[in-house]
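# Structure at a glance
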There are 2 protein chains.
Amino acid sequence: MKPLILISNDDGYQAPGIRNLARIACEFGEVVVVAPHINASAKSHSLTVGNPLRAEQIPNDGYTVYAVTGTPADCVKLGVEHLCPRRPDLVLSGINHGSNASINILYSGTMGAALEATTCGYPSIGFSLLSHNENAMWSPAEPYIKQVIEYVLSKGLPDNISLNVNIPILEKIPKLKGMRVCRSAAARWTDSFEKRVDPYGRDYYWLTGKFVCEDMSEDTDQWALANGYISIVPCRPDFTDFSAVQQLQSLNTK
Amino acid sequence: MKPLILISNDDGYQAPGIRNLARIACEFGEVVVVAPHINASAKSHSLTVGNPLRAEQIPNDGYTVYAVTGTPADCVKLGVEHLCPRRPDLVLSGINHGSNASINILYSGTMGAALEATTCGYPSIGFSLLSHNENAMWSPAEPYIKQVIEYVLSKGLPDNISLNVNIPILEKIPKLKGMRVCRSAAARWTDSFEKRVDPYGRDYYWLTGKFVCEDMSEDTDQWALANGYISIVPCRPDFTDFSAVQQLQSLNTK
């Protein structure tokens, strides 16, 4: 039986990125897309509580598509438990339009879906292209996307690991140099909001922000992307800092 | 000048948990609450994009309260950048009504707020009580909550670390034994959705789920909580798995 590949994203089931990823994935197995019915960017790992979900099957050639009234993590849960015809062999998310490297992974619905798959026990990969332009060039990255999918389908991943794969803006580099397995660079967003005043004299705030990264050593995803490589960060959905566990033992009750 | 303490949560500015935490925090400094105007549970680290935020100051005695039309992470960003009178010395989140131990941290808006504070460079602590009952007993935990706040205000935390503090259901244990600094137990939620059929014959799905944890060794938060302790997990907002980075080096382009 062909491998079953479940695909989600956060840009919604109609986004060019997920359609490209589904087309590639069809070369490796049977594809089921379960994705938000509308854009769900920056939804992180959020779940829908208090309202039920609907899943509508969308007519499509070559693979199955469901549009779900929920978050990316909802889509993965609902996909593996109710919508897939059998247990998936691999869960993919993306291709996101915009970076999920470094600290962006925290906010990312694309990586929320990939990490949810991991917590449910499925090998998973999230793909993101740094450009927000839906017509951005991405075909030079296609052989690498295939290489990563093939690697995970044939060799699997360590337990509880999801891959966060980011692709540089290909129009901005002379040549895509290949892939680097790396760590997530420490960074933050500053000046997050632009304050405005409405016609009635009341304040409101638009999310904007500047990305600040001072952690550009050669083992980081930000370095890889700035130097013409695709970055691959193996991620575990566990925030525990083991060295801080040791450092803070004085808080233990004797 | 007294320390400035910013407090957020995900249950909303009116929840008993945040009011209790604000009252305690007032013993340590000047308090500004910036919290969602309505319940924002399971919002994880999500941000509001595409719609602007509003912040309404709510009349209150003893400390300042803003209700924000956004997520917990939005509240922290907006609080530190626009609403606090100066740079906060400490950011608190909670007291959440329900567990954020183990894998629950991934979905938690309470810990989304605490981790957002950390990424912005502020020491932070998230507090959660395992009971969902808003009238649950919690006063035996109060001396420990004060001890943790005092520790962080006086000694600080390692860089980029936030504390995830969970309190057992106090009605269910003979005596609260104290605190344990520990790691997050690996766990997952299964059977996530209950499928129903509406009066028009269409399927819909309610989020439910069973918590499954097979990782109950003595160094975990789940063990601590099951054995009458408050658990403290030091968290770093970085999913990189360093041993998997080594294991997967064969994916590097030569």
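This text gives an overview of the structure that appears in the document. (Residues numbered from 1 in each chain as written. Chains lettered and ligands numbered in written order. Predicted model: local features only at pLDDT ≥ 70, side-chain atom pairs only at ≥ 80, totals over all residues. Heavy atoms only, no water.)

### Here's the deal with the state of the cysteines
Summed over the entire model, instances satisfying the criterion amount to 0 disulfides over all chains. Cysteine Cys26 of chain A shares no disulfide, and the gap to the nearest cysteine sulfur, in Cys84 of chain A, comes to 13 Å. Residue Cys26 of chain A is classed as partly exposed on the basis of its relative accessible area of 28%. The closest cysteine sulfur to the non-disulfide-bonded Cys235 of chain B is located on Cys182 of chain B, 9.8 Å from its own sulfur. Assessed through its relative accessible area of 1%, Cys235 of chain B is described here as buried. (Disulfide = S-S within 2.5 Å. Buried < 20%, exposed > 50% of the residue type's maximum accessible area, 1.4 Å probe, protein only.)

### Examining the sheet that holds strand E3 (residues 55-58) of chain B
Residues and elements named next belong to chain B. Read across the open sheet, the 9 strands follow the order E3-E4-E2-E1-E5-E6-E7-E13-E8; overall the sheet is mixed. Among the strands making up the open sheet, the edge pair consists of E3 and strand E8 (178-181). Taken pair by pair, the neighbouring strands of this sheet meet at an average axis angle of 20°, ignoring direction. One ladder, built from 4 bridges, connects E3 with strand E4 (residues 64-68); its direction is antiparallel. (Pairing = 2+ DSSP bridges. Helix = DSSP H or I, 4+ residues; strand = E, 2+ residues; numbered from the N terminus. Axes fitted to C-alpha atoms, helices over the stretch in contact; angles between N-to-C directions.)

### Digging into the sheet that holds strand E4 (residues 64-68) of chain A
Residues and elements named next belong to chain A. Spatially, 9 strands are ordered E3-E4-E2-E1-E5-E6-E7-E13-E8 in an open sheet, and the strand pairing comes out mixed. Edge positions in the open sheet fall to strand E3 (55-58) and strand E8 (178-181), since each of these has one partner strand only. Taking the axes of each pair of neighbouring strands and ignoring which way they run, one obtains an average angle of 20° across the sheet. When strand E1 (residues 4-8) meets strand E5 (residues 90-97), the two strands line up parallel, connected through 4 bridges. Bridge pairing in E5 places Ile5 opposite Leu90. In the packing of helix H5 (residues 142-155) onto the sheet, the strands contacted are E1, E5, strand E6 (124-129), strand E7 (162-167), E8 and strand E13 (229-235), and the crossing angle to E6 comes to about 170°. (Contact = heavy atoms within 4.5 Å.)

### Here we look at the interface of chain B and chain A
One frequently used descriptor of interface size is the decrease in accessible area upon assembly of the parts. Contacts between chain B and chain A engage 77 residues on the former and 77 residues on the latter. For the pair chain B and chain A, the summed buried area comes to about 6,800 Å², and 63% of that belongs to carbon and sulfur atoms. Its largest share of buried area at the contact with chain A, chain B owes to Tyr205, Phe239 and Leu251 of chain B, together 12% of the area lost on that side. Across the contact surface, chain B and chain A share 4 salt bridges. The residue Arg54 of chain B makes a salt bridge to Asp198 of chain A at a minimum N-O spacing of 2.9 Å. Counting across the interface, chain B meets chain A through 31 residue pairs in polar contact (both at pLDDT 80 or more). In terms of residues, the side of chain B that touches chain A owes the most to one element, helix H2 (residues 72-83) of chain B, which gives 6 residues. (Buried area = accessible area lost by both parts, 1.4 Å probe. Salt bridge = Lys/Arg side-chain N within 4 Å of Asp/Glu carboxyl O. Polar contact = N/O pair within 3.5 Å; in protein donor to acceptor, adjacent residues only side chain to side chain.)

### Focus on unusual backbone geometry
For the bond from Gly94 of chain A to Ile95 of chain A, the omega torsion is -5°, close enough to zero to count as cis. Position of Ile95 of chain A among the secondary structure elements: in strand E5. Of note in this structure, Ser44 of chain A is not a glycine but carries a positive phi near 50°. When its relative accessible area of 3% is taken as the criterion, Ser44 of chain A is described as buried. Positive phi is not limited to glycine here, since Ala42 of chain B has a value of about 65°. What makes Ala42 of chain B buried here is its relative accessible area of 14%.

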